[in-house]
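# An overview of the molecular structure
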Amino acid sequence: SQKIEQNSEALNIQEGKTATLTCNYTNYSPAYLQWYRQDPGRGPVFLLLIRENEKEKRKERLKVTFDTTLKQSLFHITASQPADSATYLCALVASSNTGKLIFGQGTTLQVKP
Amino acid sequence: DARVTQTPRHKVTEMGQEVTMRCQPILGHNTVFWYRQTMMQGLELLAYFRNRAPLDDSGMPKDRFSAEMPDATLATLKIQPSEPRDSAVYFCASETGTGGQPQHFGDGTRLSIL
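Described in the following lines is the structure provided in the data block. (Residues numbered from 1 in each chain as written. Chains lettered and ligands numbered in written order. Predicted model: local features only at pLDDT ≥ 70, side-chain atom pairs only at ≥ 80, totals over all residues. Heavy atoms only, no water.)

### Quick word on the state of the cysteines
Residues and elements named next belong to chain A. Rules: Cysteine sulfurs are considered disulfide-paired once they come within 2.5 Å of each other. Numbered from the N terminus, helices here are DSSP runs of H or I no shorter than four residues, and strands are runs of E no shorter than two.
Under the counting rule described, the total for this entry stands at two disulfides over all chains. Across the disulfide, Cys23 is cross-linked to Cys90 (sulfur-sulfur distance 2.0 Å). Linking Cys23 and Cys90, the disulfide has an S-S dihedral of approximately 60° and is accordingly described as right-handed. With a gap of 67 residues between them, Cys23 in strand 3 (residues 19-26) and Cys90 in strand 9 (residues 86-93) connect regions that are remote in the sequence.

### Some remarks on the environment of A:Ser1
All names here are of chain A. Spelled out, the test is: Contacts were defined at the residue level, with two residues in contact if any of their heavy atoms lie within 4.5 Å.
Residue placement: Ser1 occurs in the segment before strand 1 (3-6). Taking the C-alpha atoms as reference, Ser1 lies 6.6 Å from Asn27; in sequence the two are 26 residues apart. When near neighbours in sequence (up to four residues on either side) are disregarded, Ser1 contacts Thr26 and Asn27.

### Things to note about the nonpolar core
Here is the rule we go by: By nonpolar core is meant a set of buried Ala, Val, Leu, Ile, Met, Phe, Trp, Tyr and Cys residues that side-chain atoms within 4.5 Å join together. Relative accessibility under 20% of the residue-type maximum defines a buried residue, over 50% an exposed one, and the middle range a partly exposed one, all with a 1.4 Å probe and only protein chains included.
Counting residues in each nonpolar core, the largest one holds 23 residues, and the members touching the most others are A:Leu33, A:Trp35, A:Phe75 and A:Tyr88. Elements that contribute at least two residues to this core include exactly strand 3, strand 4 (32-38), strand 5 (45-51), strand 7 (62-67), strand 8 (72-77), strand 9 and strand 11 (107-112) of chain A. Counting 22 residues, the second largest nonpolar core, distinct from the first, contains B:Val19, B:Trp34, B:Ala47 and B:Met69.

### Comments concerning the sheet that holds strand 3 (residues 19-24) of chain B
All names here are of chain B. The cut-off we apply is this: When DSSP locates at least two bridges between a pair of strands, those strands are taken to pair. Lines are fitted to the C-alpha atoms to define the axes, a helix being fitted only along its stretch in contact, and any angle between axes, read from their N-to-C directions, falls within 0 to 180 degrees.
Strand order in the open sheet made by the four strands is 1-3-8-7, with antiparallel pairing throughout. Of all strands in the sheet, those with a lone pairing partner are strand 1 (5-7) and strand 7 (65-71), marking the two edges. Within this sheet the neighbouring strands show an average axis-to-axis angle of 20°, counted without direction.

### Describing unusual backbone geometry
Of note, the amide linkage connecting B:Thr7 to B:Pro8 takes the cis form, showing an omega dihedral of -10°. Examined against the element boundaries, B:Pro8 turns out to sit in the loop between strand 1 and strand 2 (10-13). Although it is not a glycine, A:Ala79 adopts a positive phi angle of roughly 45°. Looking at where A:Ala79 falls in the secondary structure, it is placed in the loop between strand 8 and strand 9. Overall, A:Ala79 belongs to the partly exposed group, its relative accessible area being 39%. You will see that B:Asn51, though not glycine, has its phi angle at about 50°, which is positive. When you line up the elements, B:Asn51 lands in the loop between strand 5 (42-50) and strand 6 (53-56).

Here is the structure:
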């Protein structure tokens, strides 16, 4: 069956360290993969998109990697800050024609000062 | 900044009542999605429209849920009759419709069915 899995346990790290979040998938061949941030009581906010033929994408302190062999994406936040505390969701675009997104359950990140 | 607007933000009602949730997508976005989020299931796609035409509503319980886009500035999601298991946060999102583009989400309608 098709699955998208993210670390279900919250990730707690110290301010200034690098946070690494994992997204694994099975039985999908995604054309794209996206990462979103969600704060309590708010809708998800788009962060980064990476295509199947791209290995890595960066935006300021954020970096995403996409390994289609391992069927895994890693999301890194360098020099983390307490304001980075939120839930991070990965989402697969299984078909670029439809734009339909399949979301993982999300990983909650807590950055301690 | 352009935003997706959802109303109401909160709704509490009794089982059996009709519930209507509304969404105003970002102007110029031609694809609109409805999602439901619960702790157990996470974020699930219920239905989506492109150029106001329904493309996929396979995630929606058809007997009680209906989704429409009366015009390009309004999408609605109705539940009739509502049941306690429908309690969740319902999100609307829109995108430019070229496929695989970032989706812009509203802040949701938190629905509680007693």
